[in-house]
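Below are the chains, spelled out letter by letter.
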Amino acid sequence: MDTSIKTLGELKKSGYKPVSVKEEIRRNLIKKLQKKETSFPGIIGYDDTVIPDTERALLSRHNILFLGLRGQAKTRMARQMTDLLDEFIPVVEGSEVNDDPFNPLSRYARDLIAEKGDKTPITWISREERYAEKLATPDVSVADLIGDIDPIKAANLKLSYADERAIHFGIIPRSNRSIFVINELPDLQARIQVALFNILQEGDIQIRGFKVRMPLDILFIFTANPEDYTNRGSIVTPLKDRIESQIITHYPKSVENSLLITEQEADIHDEQLAKVSISDMVKRLIEQVAFEARNSEYVDKKSGVSARLTIAAYENAVSSGERRAIINKEKETHVRIADLMSIIPAITGKIELVYEGEQEGPLQVAHNLLDKSIRTLFASYFPNPDSFKKKKQSQPVENPYRSVIQWFDKGNSLQLLQDISDKQYETSLNKVEGLKDMVKARFPQANNREALLLMEFVLHGLASYSLISKKVAENHTRFSDLLGTMMNFSMEDNDVTEEEDF
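Residues numbered from 1 in each chain as written. Predicted model: local features only at pLDDT ≥ 70, side-chain atom pairs only at ≥ 80, totals over all residues. Heavy atoms only, no water.

## So, the overall build of the chain
So, step 1. Secondary structure assignment for the chain yields 22 helices and 14 strands.
So, step 2. Whereas a compact globule of 502 residues would reach a radius of gyration of roughly 23 Å, the chain reaches 31 Å, over 25% beyond that.
So, step 3. The dimensions of the chain, computed from C-alpha atoms along their principal axes, are 105 × 45 × 45 Å.
So, step 4. Out of the 502 residues in the chain, the part that is buried amounts to 50%.
So, step 5. Counting every atom, the chain has about 24,300 Å² of accessible surface; 47% of that belongs to carbon and sulfur.
So, step 6. Distance between charge centres in the chain, computed from 67 positive and 77 negative side chains, equals 4 Å. (Helix = DSSP H or I, 4+ residues; strand = E, 2+ residues; numbered from the N terminus. Rg over C-alpha atoms; globule rule 2.2 N^0.38 Å. Buried < 20%, exposed > 50% of the residue type's maximum accessible area, 1.4 Å probe, protein only. Areas by Shrake-Rupley, 256 points an atom, 1.4 Å probe, with all protein chains shown as cover. Lys, Arg positive; Asp, Glu negative; His and termini not counted. Charge placed at Lys NZ, Arg CZ, Asp CG, Glu CD.)

Structure below.
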């Protein structure tokens, strides 16, 4: 549109024809689909589920309810719908409710057009100005959302309270011809939810005793957690009945998608990336923590585990490596397995525990989740230690971990301090007999830094399978023998039993 147009008469001559906001979004979405453009860029893991459902709802001109657990991009989906609006639309200049010059709603706009006719001044608003959002809280009132009588306005303009011009419009009328989002809808009191009935069904508002009918043009988007998630409230049934499309969101279904989301959202500065490298294995360990938490018996499944957990954990892990490099005056370093102890604060603050979890304590639950993550991924990189526990194998298989565990069986131990330099880190790991050879045999192409990380991973993995002992303190991790004679891996006789082998 030609935004240089400044009067109603010029707008008429331009051939401009107004359409409703839902029709406008539908029209622009059709263009994107025809061009095979992405409707919701940056939304990962919803290509075959949520995004097609949302596109169908928008094509149907529906108001939408996004229903899902926290951290599932519900609000982001709503905010991206502004990209489906026209770049600019004309409104009557000075209007509080974005009056369409061809179909004015407010008394102010009607009076102005009646007075000035084709000389009525108009202005243009951008798509960014046509988005409004309100977080539902128990203190939200009908006046906040819809409006009320403004005694100050009435006094200043010398109007009676019965005059329509004495109304102060709430956020919903001010969002006319826009997208309006209410987040956490169940938190809105039931009597406030009832006030939305008319707006959704008839498209007009009711303010106290005024005989005002303003057919608002709004696309409503609501977000909510499942009703059984919280005791704070629920969506009243008649309101749900008036919301045409309810779309169920979900967490990433694969670690790969979860990885993409974390890397996209994590706030890692270039100077951090230049100093600290983080391997794909460590990234996957971080993502696996969230997957383990979502299946944990200690974590409340109705609450969910937000994607914000892995984002914050990723940032903490990189910062842990950066801090160590600064302390040791090293130009560069990499994130170690031990650095994952630094993600504990990102875990404890983002999981809600059931009674059994509260008994364990959030700190212990976080450590358990991290250990489970290591155990789950360990078998993807190295032979599963459980496969060597079979009592009598027809063809005995050499246990690759034998020499490592025997080194600890002899009474040796290894202590890795949290902030030791890379040189000390390498020296410490090389003390464990057979550890480097085992890693090199499995990953011959690994460079020195990768080999050291894998060596550390082997120790944590063996501890997660209860083959060696691991004790985590505030600033170090100590590996040692686990119950001496039970861990004897001497294989002089290949027909030893499981008890003798372990």
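## As for the sheet that holds strand E7 (residues 178-183)
So, step 1. Pairing in this open sheet of five strands is parallel, and the strands run E4-E7-E8-E1-E9 from one edge to the other. One side of each edge strand has no neighbouring strand; the edge strands of this open sheet are strand E4 (131-135) and strand E9 (245-248). Across this sheet, the average inter-strand angle for adjacent strands is 20°, counted without regard to direction.
So, step 2. Pairing of E7 with strand E8 (residues 218-224) involves five bridges; the strand directions are parallel. If you follow Ser-178 over to E8, its bridge partner there is Ile-218.
So, step 3. Helix-sheet contacts for helix H2 (residues 21-34) involve E7 and E8, and the interaxial angle to E8 is about 80°. (Pairing = 2+ DSSP bridges. Axes fitted to C-alpha atoms, helices over the stretch in contact; angles between N-to-C directions. Contact = heavy atoms within 4.5 Å.)

## Focus: a negative patch on the surface
So, step 1. A contiguous patch of negative charge, built from Asp-83, Glu-87, Glu-128 and Glu-129, is present on the exposed surface.
So, step 2. Assignment of secondary structure puts Glu-129 in the loop between strand E3 (122-126) and E4.
So, step 3. Classification of Glu-129 by relative accessible area gives exposed; the value is 52%. (Patch = residues over 30% accessible without salt bridge, like charges linked within 9 Å, V, L, I, M, F, W, Y side chains within 5 Å. Salt bridge = Lys/Arg side-chain N within 4 Å of Asp/Glu carboxyl O.)

## A closer look at the packing of helix H11 (residues 255-265) against helix H14 (residues 307-327)
So, step 1. One can describe the packing of H11 onto H14 by two numbers: an axis separation of 9 Å at closest approach and a directional angle of 60°. Taken together, H11 and H14 sit at an angle that is classed as oblique. As for how H11 packs across H14, the hand of that crossing is right-handed. Two secondary-structure elements touch here, H11 through Thr-262, Glu-263 and Glu-265 and H14 through Thr-310, Ile-311, Tyr-314 and Glu-315.
So, step 2. Looking at the contact of H11 with H14 residue by residue, the class counts come to two nonpolar, two polar and three charged. (Parallel < 35°, antiparallel > 145°, perpendicular 65-115°, else oblique. Left-handed = near helix turned anticlockwise from the far one by under 90°. Nonpolar A, V, L, I, M, F, W, Y, C, P; charged D, E, K, R; others polar.)

## With respect to the layout of surface pockets
So, step 1. Considering only enclosed or pocket space, the largest pocket measures out at about 530 Å³ in volume.
So, step 2. Taken together, 26 residues make up the lining of the largest pocket; nearest its centre are Gly-71, Gln-72, Ala-73, Lys-74 and Arg-308.
So, step 3. Secondary structure elements with two or more residues in the lining of the largest pocket: helix H4 (74-80), H11 and H14.
So, step 4. Partitioned by chemical class, the residues of the lining of the largest pocket number 10 nonpolar, 10 polar and six charged.
So, step 5. Considered as a void within the structure, the second largest pocket measures approximately 380 Å³ in volume.
So, step 6. Contributing to the lining of the second largest pocket are 17 residues, with His-367, Asn-368, Asp-371, Ala-463 and Lys-470 lying nearest its centre.
So, step 7. Counting only elements with at least two residues in the lining of the second largest pocket, the list comes to helix H17 (362-381), helix H21 (448-464) and strand E13 (469-472).
So, step 8. By residue number, the principal contributor to the lining of the second largest pocket is H17, which donates six residues.
So, step 9. Here the residues of the lining of the second largest pocket are counted per class, giving six nonpolar, six polar and five charged. (1 Å grid on protein atoms, 1.4 Å probe; cavity = no way out; pocket = protein on both sides within 12 Å on 5 of 7 lines; lining within 4 Å. Points joined across faces, edges and corners; volume = space filled by probe spheres on them.)

## A short note on unusual backbone geometry
So, step 1. The phi dihedral of Lys-36 falls on the positive side, at around 60°, and the residue is not glycine.
So, step 2. Summarising the element assignment, Lys-36 is placed in the loop between H2 and helix H3 (50-59).
So, step 3. One non-glycine residue, Ser-466, adopts positive backbone phi at about 60°.
So, step 4. Its place among the elements puts Ser-466 in the loop between H21 and E13.

## Structural notes on the pattern of salt bridges
So, step 1. A full pass over the atoms with the stated rule returns 21 salt bridges.
So, step 2. Between Arg-76 and Glu-265 there is a salt bridge whose closest N-O contact spans 2.5 Å. Here Glu-265 lies in helix H11 and Arg-76 lies in helix H4, a separation of 189 residues in the sequence.
So, step 3. Take Arg-76: its relative accessible area is 34%, and that puts it in the partly exposed class.
So, step 4. A salt bridge links Arg-324 to Asp-339; the shortest N-O distance between them is 2.7 Å. Remark: Asp-339 occurs in the loop between strand E11 (333-334) and helix H15 (344-348) and Arg-324 occurs in helix H14; sequence separation between them is 15 residues. Taken individually, Arg-324 and Asp-339 each receive the classification buried, so the pair is uniform in this respect.
So, step 5. Here the salt bridges do not stand alone but share partners, grouping Glu-23, Arg-26 and Arg-61 into one network.

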